[in-house]
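Overview (structure and organization)
These are the residues of each chain, in order.
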Amino acid sequence: MNALGYVAEVSTVPIGEILRRYPLAVDYLANMRLAGVDETKTLPEILEDVDEDMLEEFGLDREEVIYHFCAFLEAFSRAKGSDEAISSVTILGGRDKTGRPEMVELTITPGEVVSIVGPTGSGKSRLLEDIECLAQRDTPTARQILINGSVPDADKRFATGGKLVAQLSQNMNFVMDLTVQEFLKMHAKSRMIPDPAAVVEKCFAVANSLAGEKFTLDTKVTQLSGGQSRSLMIADTALLSSSPIILIDELENAGIDRREAVKLLVGNEKIVLMSTHDPLLALRADKRIVIRNGGIAKVIETTAEEEETLHKIEAIDSVLLDIRNQLRGGGIVAKESIPEFQEK
Ligand SMILES: Nc1ncnc2c1ncn2[C@@H]1O[C@H](COP(=O)(O)OP(=O)(O)OP(=O)(O)O)[C@@H](O)[C@H]1O
C-alpha cells in the first residue's frame, strides 16, 4: 500500500486509535509539535485548530501534513518487514504486451538470487512490481504470484504492518524531516531490536562505506543525494528489515559500490530479485530471467563457464571504475591508464 492508501484511515479514525495501531506515529506528532492533542479527534480535525503560522514553520499546509503523516506511516510499515519465514515464491506466467501467453512457472527459494535482464522498456520493473503487490492476475501482465505454493491471503497482500517484500526502487524519496540517526533509531525501535544504538552505528557505517560522498549521523535524510539515500536504504534493508523477499531495481544507477551492496543483501537467506543492465550483477545471480516485450522469454541458470568469466569482467569493470573516479575527481584520463583491448 502506498502513502495515499493511508489517507482514508487517517482522515476517519481518531488519532488515539491511530497511535495504538502505529505506535511510532507518536514520534511524528512530537516532531510536528502535536504531542498531547485530543485523542478523540482525527488528524484533519486536530489540524483545523492548529495555527497556520506554526504549520508554515514546517513549510507545509494542512493537506500536506496529512499526506506527510501518511507517507511516514507507509515508510515505517514498509521498512518494518515481516518476521515470517517463507519457503518459496512462485511466478506463474500471464501474457506479454501483445497478449501472447507466458509459458512460465518459476519457483525461487531463500538464498537464491535472480537477475532480470532485457531491453529498456521491456518490462523488468513491471515484473518486480508484480511480485511487490503479490499480483493475482489483476495487473497488466495477468501474472500470479504464489507464496509457499499457495495464493497469499488478502491480509498479506495489503498488509500495513510487517511486509513480505522490501523494495529498493530507483527513486527513494524521503518525506520526513529526520536526521539519519533519528531515521535509523526509529526503525530499530519499531523492530524492537535489543541493542538499537549498536545497530544504528553498524547501519550508518555500512551505508557510508557504500556511498561515494560521506554523510554524517546528523545529516537530514531529505538532504541525502540519490546515491547516499540508496546506500542508507540498502544498509537498512540488509541489517534492519526482516522482509524475506528483496526486490532491487537497477542498483547500477545508484552510483554506489554495487558489488558490496549485493554481497550485503544476499548474505541473509533471503530471496533476492534484481533488475539490471549491468553484466556483473546479471552474472552474479544464480539465475536470470530474460524479459522481452513484457513477457518472460527465458529463464537461464548461470553456467560454470559464465561464472569463470566473472573475474575477467570484474577486471574490465575496475578499469572503468578507476576512469570514473578520475573523472569525478576532476582528473584527466591518461592513455596509459587504459589497457590494450583488441579493436573491433
Ligand atoms: N506484459 C505486459 N503487458 C502490458 N504492459 C506491460 C507488460 N510488461 C510491461 N508493461 C508495461 O511496459 C512499460 C515498460 O515496462 P518497465 O518500466 O517495467 O520496463 P523496464 O524493462 O523496467 O525498463 P527500463 O530498463 O527502462 O527501466 C510499463 O508501462 C509497464 O507497465
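Residues numbered from 1 in each chain as written. Predicted model: local features only at pLDDT ≥ 70, side-chain atom pairs only at ≥ 80, totals over all residues.

Our working definition: UniProt positions are given in the numbering used here, feature names are shortened, and annotations may be inferred rather than shown by experiment.
For the protein chain, an unreviewed UniProt entry supplies the name ABC transporter ATP-binding protein and the organism Methanoculleus palmolei. Comment text from UniProt for the protein chain, heading Sequence similarities (unreviewed entry), reads "Belongs to the ABC transporter superfamily."

**Re the overall build of the protein chain**
As a reminder, the rule being used: By the criteria applied, helices consist of DSSP H or I runs no shorter than four residues and strands consist of E runs no shorter than two, each listed in order from the N terminus. Two residues form a contact once the distance between their C-beta atoms, set from the backbone, is within 7 Å.
For the protein chain, the helix and strand inventory stands at 14 helices and 9 strands. Partitioning the intrachain contacts of the protein chain with sequence separation of at least 6 by distance along the chain shows that 70% fall at a separation of at least 24.

**Looking at the packing of helix H10 (residues 196-210) against helix H11 (residues 226-239)**
So the rule is basically this: Between N-to-C directions, angles cover 0 to 180 degrees, with each direction set by a line fitted to C-alpha atoms, over the stretch in contact for helices. Any angle between 65 and 115 degrees counts as roughly perpendicular, while under 35 counts as roughly parallel, over 145 as roughly antiparallel, and the rest as oblique. Handedness of a crossing is defined here by the sense of rotation of the near helix relative to the far one, left-handed for an anticlockwise turn of less than a right angle and right-handed for a clockwise turn. Three classes are used: nonpolar for Ala, Val, Leu, Ile, Met, Phe, Trp, Tyr, Cys and Pro, charged for Asp, Glu, Lys and Arg, and polar for all others, with Gly counted as polar.
One way to put it is that H10 packs onto H11 with a least axis distance of 8 Å and a crossing angle of 135°. The angle between H10 and H11 falls in the class oblique. Taken as a pair, H10 and H11 cross one another with a handedness that is right-handed. Contacts between H10 and H11 involve Val199, Lys202, Cys203, Val206, Ala207 and Leu210 from the former and Ser231, Leu232, Ile234, Ala235, Asp236 and Leu239 from the latter. Tallied by class, residues from the contact of H10 with H11 come to 9 nonpolar, 1 polar and 2 charged.

**So, the nonpolar core**
The following threshold applies: Here, a nonpolar core means buried Ala, Val, Leu, Ile, Met, Phe, Trp, Tyr and Cys residues linked by C-beta atoms lying within 7 Å of one another. In this scheme the burial state of a residue depends on its C-beta neighbours within 10 Å: 20 or more other such atoms mean buried, 12 or fewer mean exposed, and anything in between means partly exposed; the C-beta positions come from the backbone.
Formed by 58 residues in total, the largest nonpolar core has its most connected members in Ile131, Leu247 and Val272. Not counting chain neighbours up to four residues away, the residues in contact with Ile131 comprise Val89, Ile145, Val165, Ile245, Leu247 and Leu273. Val10, Ile15, Tyr28 and Leu47 belong to the second largest nonpolar core, which has 15 residues in total.

**Digging into the packing of H11 against helix H12 (residues 258-266)**
Helix packing for two helices is described by the angle between their axes and how far apart those axes are. Axis separation between H11 and H12 bottoms out at 8 Å; the angle between their running directions is 20°. It follows from the interaxial angle that H11 and H12 lie roughly parallel. Crossing of H11 over H12 shows left-handed handedness. In this structure, H11 uses Ile234, Thr237 and Ala238 to contact H12, whose residues at the interface are Ala261, Leu264 and Leu265.

**Digging into the site of the ligand**
As a reminder, the rule being used: Near, as applied to residues and a molecule or strand, means the residue's backbone-placed C-beta atom lies within 6 Å of it.
Surveying the vicinity of the ligand reveals 16 residues, the closest of which are Gly123, Lys124, Ser125, Arg126 and Gly294. Broken down by class, the residue content of the shell around the ligand amounts to 1 nonpolar, 10 polar and 5 charged.

**Concerning the domain arrangement of the protein chain**
Interface size is often expressed as the accessible area that is lost when the parts come together. Heads up, the condition is: Residue ranges for the domains trace back to a domain assignment, done automatically or taken from a database.
Once the domains are mapped, the protein chain shows domain 1 (3-80), domain 2 (89-302) and domain 3 (307-337). Facing the 4 residues of domain 2 at the interface are 5 residues of domain 3. Classifying every residue of the side of domain 2 that touches domain 3 by side-chain character gives 3 nonpolar, 1 polar and no charged.

**As for the confidence of the model for the protein chain**
The following threshold applies: Residue-level confidence of the predictor, termed pLDDT, takes values from 0 up to 100.
Of the residues in the protein chain, 88% reach a pLDDT of 70 or more, and the chain-wide mean stands at 84. Averaged pLDDT values over the elements of the protein chain bottom out at 70 in helix H8 (residues 154-157) and peak at 97 in strand E8 (residues 287-292). Taken together, the chains of this predicted complex give a pTM of 0.73 and an interface ipTM of 0.97.

**Overview of helix H7 (residues 124-132)**
Taken together, the buried positions of H7 are Lys124, Leu127, Leu128, Asp130, Ile131 and Glu132. In the stretch just after H7, Leu134 is the one whose phi turns positive, near 45°.

**So, the sheet that holds strand E1 (residues 89-92)**
Our working definition: Strand pairing follows a simple DSSP-based rule, namely that at least 2 bridges must link the two strands.
Strand order in the open sheet formed by 3 strands is E2-E1-E4, with antiparallel pairing between adjacent strands. Of all strands in the sheet, those with a lone pairing partner are strand E2 (105-108) and strand E4 (144-147), marking the two edges. Strand after strand, the sheet turns through a mean of 15° between neighbouring axes, direction not considered. Pairing analysis gives 4 bridges linking E1 to E2, with the strands arranged antiparallel. Each bridged residue has a counterpart across the sheet, and for Thr90 the counterpart in E2 is Thr107.

**A short note on the pairing of E8**
Each regular strand shows side chains that alternate between the opposite faces of the sheet. Two strands pair when backbone bridges link them, and strand E3 (residues 113-117) and E8 are joined in this way by 4 bridges, in the parallel orientation. Residue pairing for E8: Val114 is matched across the bridge by Lys287. One ladder, built from 6 bridges, connects E8 with strand E9 (residues 295-301); its direction is antiparallel. Each bridged residue has a counterpart across the sheet, and for Ile291 the counterpart in E9 is Ile296.

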